[in-house]
Amino acid sequence: NKVSEKKKTAIDSKIVAYAPNLRKMLQGYTQDIILFDKSILKELCSLKEIQEVYYRPHPQELRDYGPSFFRNTIVGLPKSAREKVKVYLEISHQELFSRLGILVTDYSGTAITFALQENKPIIYVAKNLEYLYKLNPLARDLGVAVQEPTDLKSVLESMTFLTREFS
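Rules of the game
Residues numbered from 1 in each chain as written. Predicted model: local features only at pLDDT ≥ 70, side-chain atom pairs only at ≥ 80, totals over all residues. Heavy atoms only, no water. Helix = DSSP H or I, 4+ residues; strand = E, 2+ residues; numbered from the N terminus. Buried < 20%, exposed > 50% of the residue type's maximum accessible area, 1.4 Å probe, protein only. Areas by Shrake-Rupley, 256 points an atom, 1.4 Å probe, with all protein chains shown as cover. Pairing = 2+ DSSP bridges. pLDDT = per-residue confidence, 0-100. Contact = heavy atoms within 4.5 Å. Core = buried A, V, L, I, M, F, W, Y, C linked by side-chain atoms within 4.5 Å. Expected span 1.5 Å × (residues − 1). Axes fitted to C-alpha atoms, helices over the stretch in contact; angles between N-to-C directions.

**Examining the overall build of the protein chain**
Then, in step 1: Scanning the protein chain for helices and strands turns up 10 helices and 8 strands.
Then, in step 2: Taken over 167 residues, the protein chain has a buried fraction of 44%.
Then, in step 3: Split by element, the accessible area of the protein chain, about 8,900 Å² in all, is 49% carbon and sulfur.

Encoded structure:
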């Protein structure tokens, strides 16, 4: 496994956020939002090292679909996953960013801000890697990209999670 052969990255928080881009603006995006988001959330919650997962929909998608759409997305998750997922509806992300150990996204430019501001890892889940690197040229240098949600586990298992308390 190539991922496990790499040097382990130390993560100082067991809190992860999944913050997708505004999908209707993406070239050729055909994924069912609910199914795609559920698959990512399920994978993130399957790792015992991760204590909480913040699900942060794009602010425009919150306006388009409403908060209940995203709250209902987590309903079909296994109970153990539902207990870990928090739907984050705030527009501001400064406090959230400071609490995170990792940001998971698809094609979002917010990830670049997160990586540069917080100096923490990004994981992209993007079917079309060529398109990802065209949209975000820094993505190749600042994060790890996978094409399927099921690939998240091997990337996350290559990281070492440290304990960090917040006041």
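Moving on from the model shown.
**A closer look at the pairing of strand E2 (residues 15-18)**
Then, in step 1: Side chains Ile-15 and Ala-17 of E2 all project onto a buried face; the interleaved residues Val-16 and Tyr-18 project onto the opposite face, where all are buried too.
Then, in step 2: Summarising the sheet, E2 and strand E3 (residues 52-55) pair through 4 bridges and their orientation is parallel. Across the sheet, residue Tyr-18 finds its bridge partner in E3, namely Tyr-55.
Then, in step 3: Taken together, the 3 bridges between E2 and strand E5 (residues 102-105) define a ladder with parallel strand orientation. Across the sheet, the residue bridging to Ala-17 is Leu-103, located in E5.

**Considerations on the confidence of the model for the protein chain**
Then, in step 1: Confidence in the prediction of the protein chain, expressed as mean pLDDT, is 81, and 84% of residues score 70 or more.
Then, in step 2: Of the regions scoring below 50 in pLDDT, residues 1-8 engages in 8 contacts with residues more than four places distant in sequence or in other chains.
Then, in step 3: The low-confidence segment residues 163-167 (pLDDT under 50) makes 11 contacts with residues lying over four places distant or belonging to another chain.

**Overview of the nonpolar core**
Then, in step 1: Counting 26 residues, the largest nonpolar core has Leu-44, Val-104 and Leu-156 as its most contacted members.
Then, in step 2: At the level of secondary structure, the elements contributing two or more residues to this core comprise E2, helix H2 (33-45), E3, E5, strand E6 (122-125) and helix H10 (152-157).
Then, in step 3: The element best represented in this core is H2, accounting for 5 residues.
Then, in step 4: Among residues more than four places away in sequence, those in contact with Val-104 are Val-16, Ala-17, Tyr-18, Ala-19, Ile-40, Leu-44, Ile-123, Val-125 and Leu-152.
Then, in step 5: Within the second largest apolar cluster, 21 residues are counted, among which are Leu-103, Tyr-107, Phe-114 and Tyr-131.

**Details of H2**
Then, in step 1: Here H2 is 13 residues long and its end C-alpha atoms lie 18 Å apart, about the 18 Å a rise of 1.5 Å per residue gives.
Then, in step 2: Those residues of H2 that sit buried are Ile-33, Phe-36, Asp-37, Ile-40, Leu-41, Glu-43, Leu-44 and Cys-45.

**Description of unusual backbone geometry**
Then, in step 1: With a phi close to 55°, Asn-119 is a non-glycine residue in the positive phi region.
Then, in step 2: With respect to the helices, strands and loops of the structure, Asn-119 is situated in the loop between helix H7 (110-118) and E6.

**Some words on the sheet that holds strand E4 (residues 85-87)**
Then, in step 1: Pairing is parallel in the open sheet, where 6 strands are placed in the order E4-E3-E2-E5-E6-E7. The open sheet has two edge strands with one neighbour each: E4 and strand E7 (143-146). Strand-to-strand, the axes of this sheet are offset by a mean angle of 20°, without reference to chain direction.
Then, in step 2: Bridging between E3 and E4 involves 3 bridges; their strand directions are parallel. The residue bridging Tyr-55 from the neighbouring strand is Val-87, located in E4.
Then, in step 3: Contacts from H2 reach E2, E3, E4, E5 and E6 within the one sheet, and its direction differs from that of E2 by about 170°.

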